[in-house]
Amino acid sequence: MAPGTTAADRRAARRPMSRDVRLFWCASAGDALGTQASGVVLPLLLLGLGHSAATVGVVAGVSTAAGLLLAPIAAVPADRGARKPVMFWSATVSALAMAVLTAAVTWGDPPLALLLGTVLVERFSTAVYEAAAAGTVAMIAPPADCPRVVAGLSAGDQGALILGPALGGALYQASRALPFLADAVSYAVAAGCVRALSSDLRPRPGTGPLAAAPRSEAVPRTGTARRVRDEVGAGLALVRSSPFLRLVLAWTATVNGVIVALYYGAVFTLQKGGHGGGPMGLVLALSGAAGLVGSLAAPRVVGRIGAARLLVTVSWLLVPLAAGLATAEGPWMYGALFGAFCLLMPLVAVVLQSRALQETPPKLQARTGAVLASAAGGSAALAPVLAGVFVTRAGTAAPAAVCAGSLAVLAWWTTVVRGRLTAVAA
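Residues numbered from 1 in each chain as written. Predicted model: local features only at pLDDT ≥ 70, side-chain atom pairs only at ≥ 80, totals over all residues. Heavy atoms only, no water.

Looking at the overall build of the protein chain
To keep things clear, this is the line we draw: Strands here mean DSSP runs of E at least two residues long; helices mean DSSP runs of H or I at least four residues long; both are numbered from the N terminus. Residue burial is assigned from relative accessible area. The probe radius is 1.4 Å, only protein chains are included, and a residue is buried under 20% of its type maximum, exposed over 50%, and partly exposed in between. In this analysis, two residues are considered to be in contact whenever any of their non-hydrogen atoms come within 4.5 Å of each other. Note that accessible areas follow from Shrake-Rupley with a 1.4 Å probe, and for residues the cover is restricted to the protein chains shown.
Within the protein chain one finds 16 helices and 0 strands. Taken over 426 residues, the protein chain has a buried fraction of 47%. Residue pairs in contact within the protein chain that sit at least 24 positions apart in sequence constitute 87% of those at least 6 positions apart. Of the accessible surface of the protein chain, which amounts to about 18900 Å², a share of 67% is contributed by carbon and sulfur atoms.

Okay, structure coming up:
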């Protein structure tokens, strides 16, 4: 995390990305675009079929929870050498699930059981894919290229956030089955890109930092339940033992939960002010564009400022932005504050993710990634509930005020441990 860049870093920044990196970028961006396109219209489909808003919420909640619970389990075979087959077949199953949903919607009004079943299969398979994909960057790119590769993946996700909802809405207007067909095609593209990877995605024993596995990797030979528990818990054991990975978990979980809570707080505030869906679309568009810029700029900004200094600086800058949302009025002010928040957040997220890849031994990449993703996803899933409770009991400014306080605590803690983190990551 030292400031500045070396000659080797500058040469790496100019070096073209490998074929496998480009394939992995295409797989990730295509998958994200299809998911955003179908995800934005799934509630519209359910409501159009006569189901209640509560049913829509249950479908979304159950599918999200299923993915969070399954990811750590699915990461075990990936870390044991089956990363590429797991990624290929999970993407294939997701494509088939979306193809079934497309056919069902095309032929008539599908029953809720069929809709829920296909969505759950797709969510299960996507969770498996994402768990197996965690750590793939470390297998296809040298350490010096990791920040650029992670920044490219983040930029693809941000681009999908901008283009996906618009694409899904336009396709839904033409035919309600088309967004799901697009999602099926995107999964098929992802499966094809994974199949075309030439890199050996199996971890090599004794390589990478922290090559010695945590104690939980010394799996006892008796007791099937004990072996399964230790296998699944190996990623959590590593996170608990590593100060840097604990920082990654705390920072990403807190900031992801905060940004979702702030978004729902903005929805409640704008709705109370009489604004419709158009203003929220403006907020999302501005924040998505800012996030894309932040992701693309992250490697260069880190090289100029230094990762440790950037981490602390951004952590403190997020506090007044969140506090400002407590008094913001109108969609333009919300869009400006959200845009600034989303511009800064990827600068640190790219640093933490790329460094986490380098801090994790190859045979624990998927399980460790699943733990970090589950923590971030869990906080993001809980945030809307908490935002609604705060708005109901304390007013529309409460979510932003609570988020600002949480970010202040995070920034203080990050500042306190900065010296130790610099020593760990140097």
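After presenting the structure, the write-up continues.
Brief notes about the packing of aromatic side chains
Short version of the rule: By convention, a stacked pair of Phe, Tyr or Trp rings (six-membered ring in the case of Trp) has centres within 6.5 Å and planes under 30 degrees apart, an edge-to-face pair has planes over 60 apart, and any other such pair is tilted. Throughout this description, the term charge over a ring refers to an Arg CZ or Lys NZ atom that lies within 6 Å of the ring centre and within 35 degrees of the ring normal.
Scanning all chains against the criterion turns up 1 aromatic pair. Arranged with centres 5.0 Å apart and planes meeting at 75 degrees, the rings of phenylalanine 88 and tryptophan 89 form a pair that is edge-to-face. Its relative accessible area of 16% is what places phenylalanine 88 among the buried residues. Using a relative accessible area of 54% as the deciding quantity, one classes tryptophan 89 as exposed. Looking at arginine 195, its charged tip hangs above the ring of phenylalanine 88, at a distance of 4.9 Å from the centre.

Brief notes about helix α13 (residues 331-359)
As a reminder, the rule being used: Given a helix with a known number of residues, its expected span is that number minus one, times 1.5 Å.
Along its 29 residues, α13 runs 41 Å from first to last C-alpha, staying within 8% of the 42 Å computed at 1.5 Å per residue. With 22 of 29 residues buried, α13 is to be regarded as a mostly interior element.

Quick word on the packing of helix α7 (residues 146-174) against helix α8 (residues 178-196)
Stated precisely, the cut-off is as follows: Here an angle of 0 to 180 degrees is reported between the N-to-C directions of two axes, which are lines fitted to C-alpha atoms, with helices fitted over the stretch in contact. Our angle categories are set so that under 35 degrees counts as roughly parallel, over 145 as roughly antiparallel, 65 to 115 as roughly perpendicular, and the remainder as oblique. Each residue gets one label: Ala, Val, Leu, Ile, Met, Phe, Trp, Tyr, Cys and Pro are nonpolar, Asp, Glu, Lys and Arg are charged, and the others, such as Gly, are polar.
Running from N to C, α7 and α8 cross one another at 130 degrees; their axes reach a closest spacing of 7 Å. On the basis of their axis angle, the class for α7 and α8 is oblique. Facing α7, whose interface residues are Gly168, Leu171, Tyr172 and Ala174, α8 presents Leu178, Pro179 and Ala182. Among the residues forming the contact of α7 with α8, the class breakdown is 6 nonpolar, 1 polar and no charged.

Considering the pattern of salt bridges
Rule in force here: Whenever a carboxyl oxygen of Asp or Glu lies within 4 Å of a side-chain nitrogen of Lys or Arg, that contact is scored as a salt bridge.
Enumeration according to the criterion identifies 3 salt bridges in this entry. Here arginine 19 and aspartate 20 are joined by a salt bridge, their closest N and O atoms 3.7 Å apart. Between aspartate 109 and arginine 176 there is a salt bridge, with its nearest N and O atoms 2.7 Å apart. Residue aspartate 109 is located in the loop between α4 (53-107) and α5 (112-133), and its partner arginine 176 is located in the loop between α7 and α8; the two are separated by 67 residues in the primary sequence. Owing to a relative accessible area of 61%, aspartate 109 belongs among the exposed residues under this scheme. For arginine 176, a relative accessible area of 27% puts it in the partly exposed group.

Some thoughts on the nonpolar core
For the record, the criterion: In this description, a nonpolar core means a group of buried Ala, Val, Leu, Ile, Met, Phe, Trp, Tyr and Cys residues linked to one another through side-chain atoms lying within 4.5 Å.
Grouped together as the largest cluster of nonpolar side chains are 87 residues, with contacts concentrated most on Tyr129, Trp251, Leu262, Leu318, Phe341 and Leu407. With residues up to four places along the chain from it excluded, the contact list for tryptophan 251 reads Leu311, Val314, Ser315, Leu318, Met345, Val348, Leu352, Leu410 and Thr414. Counting 17 residues, the second largest nonpolar core, distinct from the first, contains Val59, Leu101, Val119 and Ala184.

Here we look at the environment of alanine 66
Within the fold, alanine 66 resides in helix α4. Classification of alanine 66 as buried rests on a relative accessible area of 11%. It is 6.6 Å that separates the C-alpha atoms of alanine 66 and phenylalanine 124, two residues lying 58 residues apart in sequence. The contact partners of alanine 66, leaving out residues within four places of it in the chain, are Leu120 and Phe124.

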